[in-house]
Structure formats: structure tokens, C-alpha cells
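# Structure at a glance
Chain by chain, the residues:
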Amino acid sequence: MAIEVRIPTILRNYTDGAKAVEGGGTTLDELFADLEARHPGLRDRLVDEKGLRRFVNVYLNDEDVRFLGGLDTEVSDGDTVTVLPAVAGG
Amino acid sequence: MLTIERAIVDQIVSHARADHPDEACGVVAGPSGSDRPTRFVPMANAERSPTFYRFDSMEQFHVWKEMDDRDEEPVVVYHSHTATEAYPSRTDISYASEPNAHYVLVSTRDADTEFRSYRIIDGKVTEEEVTVVGAYEPDSVS
């Protein structure tokens, strides 16, 4: 088993169009590093030098990781991570 | 071009009017690939602000999951401007993240509500014609 990561439309150019990809790791940070190895450029759209990008929502199963531990959130095989761009504006 | 039913336009305008002077926001879902907005989904503006909007992250998660389960996509993403014209702001353009969506802007500044639609892709805004119909034609896909 691995961790399923659901990718939004706007980032599928990094995954050859795939709606979901698989990765591994014990934290969200490790998972994103693992994904980066196979999908170069993806991590940079999710994370900046301060942590998770402000206008990207990441959910572990059905919880927003901002209310868990951000990039330090623990993940394990069988989890589903969902990435959604925040819908926002002025 | 955006083709949309009158009843849905009225629901969007009513939502914008009800939340004025704060910005209102939401989506209209439709079958994936159909380009036809059919299911009106008003969303909370987590910012509760007259100058900014953001979908509540948990509400967005549930709405997006429901669309996924129903093989739908956000055909329309709408929000209101309450003191300026119905044209995408700089922040609207920089955060636009649904390349397949019609971005509908409503302005509640005046008594007559302005209702306009745009494509926003890679930071480029293109206004499009809005065709309001009584009901969608059966089988036709715009």
C-alpha cells in the first residue's frame, strides 16, 4: 500500500494528466519530496520557504492539514491526501 | 461563451444581494465536460469581507468531493464585487485556479446588478458573452 495523492486539474501538467498519484513517507514533507522525484516541479507549487503555500489547501483524509501539523503532519500507507487550490480573490 | 439558465442567474444575483456589502461566492456545478452549469452551490465567504473572498477550506473539500462523486466539475465559479465593477481584480487573476471554469463576476454596487463572465488562464483575462436561456436544450452541449 502507498499514500494516494489527489491532484487538482491545474497541477495535472506535472502528473501527465493523472488525477491521482501515489507516494510514500512518514510526514507530508517527506511525501512531497518523494513525489518530487517522479513529478519534478510539483513540490514547488505546494510549498515555499515558509511551508505550505497560503493559497493551496491540503487535506489528510478529510481534515485540513493546517489544523493538524502542516508539513509535519504524519502520514501512513492507506491515507489519502487531497490537494485543492484555494478559491479566493478580491 | 457562457450559456446559463435564467433561474441560476437569479440565484447568483440573490445570493450576492443578500450578502451585500460583503462579497458573496460559490460555484455552479455541471457534468464534467458538458460546459453546462446545472447545480447551484452557494458557499460561505470565510473572509466575510467587502473586499476579499475565500471559500471555507472544509466546505470546499466537501463540495469538491461531492462533485467528484457525481462526475461533475465547477463549470462556474462566481463572486461579487460590492463597490466596484464586475471585472476581475488583480487578486482574482493571481488566484484563479480552475482553468476550465467560467469566472462569473457580479457587481452589487448599483441597483441594477452587473453580471459578466470571464476566462482566466495563466494570468490572462478574456471576457466572454453570456447567453441567458429559459431552459437548456435537451442533448445540446455548448
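Everything that follows concerns the structure shown earlier in this document.
Note that the coordinates shown come from a computational prediction; the quantities given were computed from them, not determined experimentally.

Reading the values: rules and limits
Residues numbered from 1 in each chain as written. Chains lettered and ligands numbered in written order. Predicted model: local features only at pLDDT ≥ 70, side-chain atom pairs only at ≥ 80, totals over all residues. Heavy atoms only, no water. Helix = DSSP H or I, 4+ residues; strand = E, 2+ residues; numbered from the N terminus. Contact = heavy atoms within 4.5 Å. Pairing = 2+ DSSP bridges. Axes fitted to C-alpha atoms, helices over the stretch in contact; angles between N-to-C directions. Buried area = accessible area lost by both parts, 1.4 Å probe. Salt bridge = Lys/Arg side-chain N within 4 Å of Asp/Glu carboxyl O.

Moving on, we come to the environment of His39 of chain A. Residues and elements named next belong to chain A. Positionally, His39 belongs in the loop between helix H1 (28-38) and helix H2 (42-46). C-alpha of His39 to C-alpha of Arg12: the two residues are 27 residues apart in sequence and 9.9 Å apart in space. In contact with His39, other than residues within four places in its own chain, are Tyr14, Thr15 and Val21.

This part covers the sheet that holds strand S3 (residues 39-43) of chain B. All names here are of chain B. With respect to topology, six strands assemble into an open sheet ordered S3-S2-S5-S6-S7-S8, the strand pairing being mixed. Among the strands making up the open sheet, the edge pair consists of S3 and strand S8 (124-128). Averaged over all pairs of adjacent strands, the angle between strand axes in this sheet comes to 30°, irrespective of strand direction. Bridge count between strand S2 (residues 25-31) and S3: five bridges; the pairing is antiparallel. If you follow Val27 over to S3, its bridge partner there is Val41. Relative to S3, helix H1 (residues 6-19) is tilted by about 10°, and along the sheet it contacts S2, S3, strand S5 (72-81), strand S6 (102-107) and strand S7 (114-121). Where helix H2 (residues 57-69) meets the sheet, its contacts fall on S2, S3 and S5, and the angle it forms with S3 comes to roughly 165°.

To continue, consider the interface of chain B and chain A. Taken together, the contact between chain B and chain A spans 24 residues of the former and 21 residues of the latter. The largest contributions to the chain B side of the interface with chain A come from Arg54, Phe61 and Tyr95 of chain B, which together make up 33% of the buried area. For the pair chain B and chain A, the interface holds two salt bridges. Arg6 of chain A is the salt-bridge partner of Asp68 of chain B, the closest N and O atoms lying 2.6 Å from each other.

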